[in-house]
Amino acid sequence: MMMKKTLAVCLLLAPAVSFAKSCPVDVQNDIHIAGEQVSVYQGGQPKMMIDENSQVYINGERLQLDAIQQKAVDAYSHGVKEYLPKMADIADDGVGIASDILNEVSARFDSKESFAKVESLIDDYSQKAQQKFYQDGEFVMPADIFTTVDADWKQEFEQAMKHVSMESLSGLFSALSQEMKNGELNFSELQQQFAELKASIEEKVRSRSGEVASKANDLCDSIKGLAEEEKELHRVVPALKDYQMFEI
């Protein structure tokens, strides 16, 4: 149960799900970031694009901007490219915590092979988490992402936890059986190892989870800032109002 509970609090999309619940921002349209280009998609098609030189194109036609408008677009585009991809980083942080814990457990029992299936599952779910944000080499933040994270992703996360927890326990029993078979552990030593391992893991989870929560809060503040900046951008460049990215 110790392994199950420990992994359950930190694995994969849990930080992203928590972030989505607490960050009061709605994504109005699909947002694509390809290199230095930012695009707003509607109906599966790119409708507005800001290129690497901060030039704006609406339905393929370049929008003429004055100096003030150009400066506003440049600053906004820079913020979008800097902050939005950090959503994927938060999911990576969750995977990193789980991997660190797994490595500590397997090292403590000197049985990395016993936890090979768990490690493979974590890698698989890590890839799935990345695929939610990266498609064909582009970073993609879908419209209504925070709603889908709370609903669809939560269900996927819970299903992932069932698989990982079962393999974690299987690996743990396999490692213990081998050590006891070899006469390397008696019951009192086993209890001591569990107590030490549990304390070490709980401390690591507290520390790392706090770091992730802090990063998630900072990212939320940054995205809320982008939403406010977008309001000002639409005042300066009214033609962009139909291609809104965020709303608080």
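Conventions adopted
Residues numbered from 1 in each chain as written. Predicted model: local features only at pLDDT ≥ 70, side-chain atom pairs only at ≥ 80, totals over all residues. Heavy atoms only, no water. Helix = DSSP H or I, 4+ residues; strand = E, 2+ residues; numbered from the N terminus. Buried < 20%, exposed > 50% of the residue type's maximum accessible area, 1.4 Å probe, protein only. Areas by Shrake-Rupley, 256 points an atom, 1.4 Å probe, with all protein chains shown as cover. Core = buried A, V, L, I, M, F, W, Y, C linked by side-chain atoms within 4.5 Å. Expected span 1.5 Å × (residues − 1). Arc of directions from axis to C-beta. Salt bridge = Lys/Arg side-chain N within 4 Å of Asp/Glu carboxyl O. Pairing = 2+ DSSP bridges. Phe/Tyr/Trp six-rings, centres within 6.5 Å; stacked < 30°, edge-to-face > 60°. pLDDT = per-residue confidence, 0-100. Contact = heavy atoms within 4.5 Å. Polar contact = N/O pair within 3.5 Å; in protein donor to acceptor, adjacent residues only side chain to side chain.

A. Region of interest: the overall build of the chain. Helix and strand content of the chain: seven helices and nine strands. Per-residue burial for the chain yields a buried fraction of 44% across its 248 residues. By element, 48% of the accessible surface of the chain is carried by carbon and sulfur atoms, the whole surface being about 12700 Å².

B. Representation of the nonpolar core within the structure. If you look at the biggest cluster of nonpolar residues, it comprises 53 residues, and the most contacted ones within it are Ile-31, Met-48, Val-80, Leu-84, Met-245 and Phe-246. Looking at this core element by element, the count peaks at twelve residues for helix α7 (residues 187–236).

C. Representation of helix α5 (residues 116–131) in the model. Taking 1.5 Å as the rise per residue, α5 with 16 residues should run 22 Å; its terminal C-alpha atoms sit 23 Å apart, in good agreement. Taken as a whole, α5 has its buried residues at Val-118, Leu-121, Ile-122, Tyr-125, Ser-126 and Ala-129. Burial along α5 is one-sided: seen end-on, the buried residues are contained in an arc of 140°. With respect to the buried face of α5, the exposed residues turned more than 90 degrees away are Lys-117 and Gln-131.

D. Inspection of the environment of Leu-197 at higher detail. Its location among the elements puts Leu-197 in helix α7. As for Leu-197 and Ile-101, which are separated by 96 residues in sequence, their C-alpha atoms are 9.8 Å apart.

E. Focus on the pattern of salt bridges. Taken as a whole and assessed by the stated rule, the structure comprises four salt bridges. Linking Lys-81 and Glu-36 is a salt bridge whose minimum nitrogen-to-oxygen distance equals 3.1 Å. Linking Lys-81 in helix α3 (residues 67–83) with Glu-36 in the loop between β2 (30–34) and β3 (37–42), this pair joins segments that are 45 residues apart in sequence. We classify Glu-36 as partly exposed; its relative accessible area is 48%.

F. Summary view of the sheet that holds strand β5 (residues 56–58). An order of β6-β5-β4-β3-β2-β8-β7 is seen for the seven strands of this open sheet, with the pairing classed as antiparallel. For this open sheet the edge positions go to β6 (61–62) and β7 (134–135), each flanked by a neighbour on one side alone. Judged from the three bridges that link them, β2 and strand β8 (residues 138–141) form a sheet pairing that is antiparallel. Along β8, the bridge assignment pairs Ile-33 with Phe-139.

G. Quick look at the packing of aromatic side chains. Per the stated rule, a full pass over the model turns up two aromatic pairs. Seen from their ring centres, Phe-133 and Phe-139 are 5.9 Å apart, and the 0° between their planes marks the pair as stacked. Ring geometry for Tyr-134 versus Phe-139: centroids 5.5 Å apart, planes at 70°, classification edge-to-face. The partly exposed category is assigned to Tyr-134, whose relative accessible area is 34%. Following the ring pairs from residue to residue traces out a cluster consisting of Phe-133, Tyr-134 and Phe-139.

H. Quick look at the confidence of the model for the chain. In the predicted model, the chain carries a mean pLDDT of 81, and 78% of its residues have values of at least 70. Here residues 1–13 scores under 50 on pLDDT; set against residues more than four positions off or in separate chains, the count is 44 contacts.

I. Molecular detail of the side chain of Gln-55. Inspection of the secondary structure assignment puts Gln-55 in the loop between β4 (45–50) and β5. Residue Gln-55 is classed as buried on the basis of its relative accessible area of 15%. Among the polar contacts made by the side chain of Gln-55, one reaches the side chain of Gln-70 at a distance of 3.3 Å. Aside from chain neighbours lying at most four places away, what touches Gln-55 is Met-49, Ile-50, Arg-62 and Gln-70.

J. Structural view of unusual backbone geometry. Phi at Asn-59 takes a positive value of approximately 50°, unusual for a residue other than glycine. Note on placement: Asn-59 falls in the loop between β5 and β6. In the Ramachandran plot, Asp-136 falls in the positive-phi region, its phi being about 55° despite a non-glycine side chain. Considering the arrangement of structural elements, one finds Asp-136 in the loop between β7 and β8. For Asp-136, a relative accessible area of 83% puts it in the exposed group.

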